[in-house]
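# Inside the fold
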Amino acid sequence: MKKPILTALLMSMAVGGAAEAQGLTLGEHYALRSYTGKAFGQVMAGPLGFKSVHVLTNNTSICAALVGAIGAGYLDLEGNRRLQVTPFASPEEVGPLSPKEEAVALIFGGQATPEVNYALTKNSLKSLAQGNYGGAIFFHLRVWAPGFVARAAQEDPEVARYLAAKENLYAVTADLNAKVVRLWQVSVKEGKQATVKELGTVALNPVWEDLLRRSL
């Protein structure tokens, strides 16, 4: 059964790049993204089984740390998996997108404002819809939790139709009570975000959990 995402609850458990969080030093933010990115990369390589991933991100240092950690968790030294990264300095830089990779990951957070990250999300989804990209889409928690995906669908009928037809959408949430990060297959239909099926969990170790709690 599909379960609606409760944005307020998810935001209270957010993992990713909030510039407004005051509980960590910049160095600790980098360390937090190392843990989080490694987990993201491992689920892309493991449960999701992506052979190639194209990351779309902004150019802030915290997101750069996260993307680097994603690559470290995802890539193998033998070169069987491939990673492509496209950074954007502003939403206006998002042009036509035609990724050749099996999956696209929307990794927007870091020191950028929520409105900038939302505009990056919307413009990226619009471009993917226009190109009829058929691969999987993975949403960073800082994109999924605040409802950016649903908002883009509500504001743009083309994005809404595109996402509603896709079954290969994925996102993560953090469950601090259970001390795990949860991987989900998700859906976006009628302008609403929902979980479809839980695909696995990654346990929060004590250091990771402490950094996460203090970042909120």
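One can find the structure itself at the top, above this paragraph.
The structure contained in this document is the topic of the report that follows. Small disclaimer: the values here were computed from a predicted structure and weren't measured. Along every chain, residues carry numbers that run from 1 in the direction the sequence is written. Only residues with pLDDT of 70 or above have their local features reported here, since the model is predicted, and side-chain atom pairs are shown and tallied only from 80 upward, although totals for entire chains, interfaces and linings are computed over all residues. Values reported for side chains reflect all heavy atoms of the structure, with hydrogen atoms and water molecules removed beforehand.

### With respect to the environment of Cys63
Turning to its location among the elements, Cys63 is positioned in helix 3 (residues 61-74). Here's how the labels work: a residue is buried when its accessible area is under 20% of the maximum for its type, exposed when over 50%, partly exposed in between, all with a 1.4 Å probe on protein chains only. You can call Cys63 buried: its relative accessible area is 1%. C-alpha separation for the pair Cys63 and Ile107, spaced 44 residues apart in sequence, amounts to 7.2 Å. In this analysis, two residues are considered to be in contact whenever any of their non-hydrogen atoms come within 4.5 Å of each other. In this structure Cys63 touches Thr57, Asn58, Ile107, Phe108, Gly109 and Gly110, once residues within four positions along its chain are discounted. Starting at the N terminus, helices and strands are each numbered in turn, a helix being any DSSP run of H or I of at least four residues and a strand any DSSP run of E of at least two.

### Thoughts on the nonpolar core
Nonpolar cores were defined as sets of buried Ala, Val, Leu, Ile, Met, Phe, Trp, Tyr and Cys residues, with membership established by side-chain atoms within 4.5 Å. Core analysis: the biggest nonpolar cluster contains 32 residues, and Met44, Phe50, Val53 and Phe138 have the highest contact counts within it. The set of elements that each furnish at least two residues to this core consists of helix 2 (26-45), strand 2 (52-58), helix 3, strand 4 (103-107), strand 5 (136-139), strand 6 (169-175), strand 7 (180-189) and helix 8 (206-215). Top contributing element to this core by residue count: helix 2, with five residues. Contacts of Val53, omitting those with residues within four sequence positions, involve Met44, Tyr74, Arg82, Leu83, Gln84, Glu101, Ala103 and Ala105. Counting residues in hydrophobic clusters, the runner-up holds 29 residues, among them Val94, Leu120, Leu125 and Phe148.

### Side note on the packing of helix 2 against helix 3
Here an axis means a line fitted to C-alpha atoms, over the contact stretch when the element is a helix, while the angle between two N-to-C directions is reported on a 0 to 180 degree scale. It is at 6 Å that the axes of helix 2 and helix 3 come closest, and there the two elements cross at 35°. In this structure, the crossing between helix 2 and helix 3 has a hand that is right-handed. Residue type decides the class: Asp, Glu, Lys and Arg count as charged, Ala, Val, Leu, Ile, Met, Phe, Trp, Tyr, Cys and Pro as nonpolar, and the leftover types, Gly among them, as polar. Per-class residue counts for the contact of helix 2 with helix 3 are eleven nonpolar, eight polar and two charged. Crossings are assigned a handedness: left-handed for a near helix turned anticlockwise from the far helix by less than a right angle, right-handed for a clockwise turn.

### Observations concerning the pairing of strand 5
By the alternation rule, side chains of strand 5 split into Ala136 and Phe138 and Ile137 and Phe139, which are all buried. The pairing criterion for strands is at least two bridges between them, as found by DSSP. Here strand 4 pairs with strand 5 via four bridges, running parallel. Paired with Leu106 across the bridge in strand 5 is Phe139. Look down the strands so they point away from you; if the path from the first strand over the helix to the second goes clockwise, the crossover is right-handed. Read from strand 4 through helix 4 (residues 114-130) to strand 5, the crossover connection turns out right-handed. The pairing of strand 5 with strand 6 spans three bridges and is parallel. Among the inter-strand pairings, Ile137 is bridged to a residue of strand 6, identified as Leu169.

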